[in-house]
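Chain and residue survey
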Amino acid sequence: MEINAKSADRNLLLELFGEIDHHGARSAMRELELAVDAALPKRLVLDMTGVTFMDSSGIALILKAQQRMQLLDGSLLVCHVPEQAKRVLDAAGIGRLVTIR
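All of the points below concern the structure found in this document.

Rules used in this analysis
Residues numbered from 1 in each chain as written. Predicted model: local features only at pLDDT ≥ 70, side-chain atom pairs only at ≥ 80, totals over all residues. Heavy atoms only, no water. Buried < 20%, exposed > 50% of the residue type's maximum accessible area, 1.4 Å probe, protein only. Helix = DSSP H or I, 4+ residues; strand = E, 2+ residues; numbered from the N terminus. Pairing = 2+ DSSP bridges. Salt bridge = Lys/Arg side-chain N within 4 Å of Asp/Glu carboxyl O. Contact = heavy atoms within 4.5 Å. Axes fitted to C-alpha atoms, helices over the stretch in contact; angles between N-to-C directions.

This part covers the pairing of strand E4 (residues 75-79). Summarising burial for E4: four of the five residues are buried, a large majority. Here strand E3 (residues 43-54) pairs with E4 via five bridges, running parallel. Opposite Val45, over in E4, you have Leu77 as the bridge partner. With two bridges connecting them, E4 and strand E5 (residues 99-100) associate as parallel partners.

Spelled out as structure tokens, the structure:
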């Protein structure tokens, strides 16, 4: 799991690459927290274009991102979700809690 962070004007883009499974999600959560703490964004975008696999650990990662942004009175957008990951998110009903495009 790899994350590229880009920040500008209180917007933070995190591009996710690789597998979001038990092992990848743990390091991704640390990187996400560090990036959010450094940028203090009003808007966080998780770009999942490069995600090759996701299990329920990805749900935990997205919900953690949502919680962090709520603490900052900010918003979260999850975008470019691959089909396999979208099925996982849809099964869990995450679209009711988080904006997914």
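What follows concerns the pattern of salt bridges. Counted by the stated rule, this structure contains four salt bridges. Between Asp37 and Arg68 there is a salt bridge, with its nearest N and O atoms 2.4 Å apart. Taken as a pair, Asp37 in helix H1 (residues 22-39) and Arg68 in helix H2 (residues 56-71) lie far apart in primary sequence, 31 residues in all.

To continue, consider the sheet that holds E5. A sheet is described by the order of its strands in space; here five strands give the open sequence E1-E2-E3-E4-E5, paired in mixed fashion. On the outer flanks of this sheet lie strand E1 (2-8) and E5, each paired with one strand and no other. On top of the sheet, H1 reaches E1, strand E2 (11-20) and E3; it is set at about 170 degrees to E2, its chief contact. Across the sheet, H2 is in contact with E2, E3 and E4; its angle to E3 comes to roughly 175 degrees.

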